[in-house]
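Below are the chains, spelled out letter by letter.
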Amino acid sequence: LKQAQEMQRQLDAVRAELRARAVEGLAAGGAVRVVLSGDRHKMRGVHLGAGAPADPRALEEALAAALRDALRRAAEAEREAIGRVTGGMNLPGLL
């Protein structure tokens, strides 16, 4: 029981760490950036640089690509953080 309680405390710390972390997704050679919280619950920003597509359809595609990249990076960060707590064991549904 104590081990389960300790793991729960560690998972709570991981959740807080992920909420505080910013994860960036890039597209269009870095001209389009999307920033999400590490827990993937909040979008913190969208940044369009000088090289961002001027065509609306191309810009939409670049934004979607940047969002997918940010989501992928956030999921990867979550897997790594959980792995530190679980010792690499795959325990689905922990967060």
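None of the values given here were measured: they were computed from a predicted structure.

1. Describing the overall build of the protein
Next up, step 1: A tally of helices and strands in the protein yields two helices and three strands.
Next up, step 2: From first element to last, N terminus to C terminus, the protein shows the α and β order α-β-β-β-α.
Next up, step 3: A compact globule built from 95 residues would reach a C-alpha radius of gyration of about 12 Å, whereas the protein, at 17 Å, exceeds it by more than 25%.
Next up, step 4: Principal-axis analysis of the C-alpha atoms places the extent of the protein at approximately 60 × 20 × 15 Å.
Next up, step 5: Taking all 95 residues of the protein together, 31% fall into the buried category.
Next up, step 6: Taking the contacts inside the protein whose residues are at least 6 apart along the sequence as the reference set, 47% of them involve residues at least 24 apart.
Next up, step 7: Carbon together with sulfur atoms contributes 54% to the accessible area of the protein, which is approximately 6200 Å² in total.
Next up, step 8: A distance of 5 Å separates the average location of the 15 positive side-chain charges in the protein from that of its 12 negative side-chain charges.

2. Topic: helix 2 (residues 56-86)
Next up, step 1: Compared with the 45 Å implied by 1.5 Å per residue over 31 residues, the 45 Å span of helix 2 between its first and last C-alpha is a close match.
Next up, step 2: One or two residues past the end of helix 2 sits G87, with phi positive at roughly 70 degrees.

3. Examining helix 1 (residues 2-20)
Given 3.6 residues per turn, any residue in an α-helix points the same way as the ones three and four places further on.
Next up, step 1: With 19 residues, helix 1 ought to run about 27 Å at 1.5 Å a step, and its terminal C-alpha atoms sit 27 Å apart, in line with that.
Next up, step 2: Where helix 1 is concerned, the buried positions are L11, V14 and L18. In a view along the axis of helix 1, the buried residues occupy a sector of 55 degrees, so they form one face of it. For helix 1, the exposed residues lying more than 90 degrees away from the buried face are K2 and A20.
Next up, step 3: Of the surrounding secondary structure, the elements contacted by the buried residues of helix 1 are strand 2 (32-37) and helix 2.

4. Observations regarding unusual backbone geometry
Next up, step 1: Of note in this structure, A28 is not a glycine but carries a positive phi near 55 degrees.
Next up, step 2: If you trace the backbone, A28 turns up in the loop between strand 1 (22-27) and strand 2.
Next up, step 3: At R40, a position not held by glycine, the phi torsion is positive, near 70 degrees.
Next up, step 4: Relative to the assigned elements, R40 resides in the loop between strand 2 and strand 3 (43-48).

Criteria and cut-off values
Residues numbered from 1 in each chain as written. Predicted model: local features only at pLDDT ≥ 70, side-chain atom pairs only at ≥ 80, totals over all residues. Heavy atoms only, no water. Helix = DSSP H or I, 4+ residues; strand = E, 2+ residues; numbered from the N terminus. Rg over C-alpha atoms; globule rule 2.2 N^0.38 Å. Buried < 20%, exposed > 50% of the residue type's maximum accessible area, 1.4 Å probe, protein only. Contact = heavy atoms within 4.5 Å. Areas by Shrake-Rupley, 256 points an atom, 1.4 Å probe, with all protein chains shown as cover. Lys, Arg positive; Asp, Glu negative; His and termini not counted. Charge placed at Lys NZ, Arg CZ, Asp CG, Glu CD. Expected span 1.5 Å × (residues − 1). Arc of directions from axis to C-beta.

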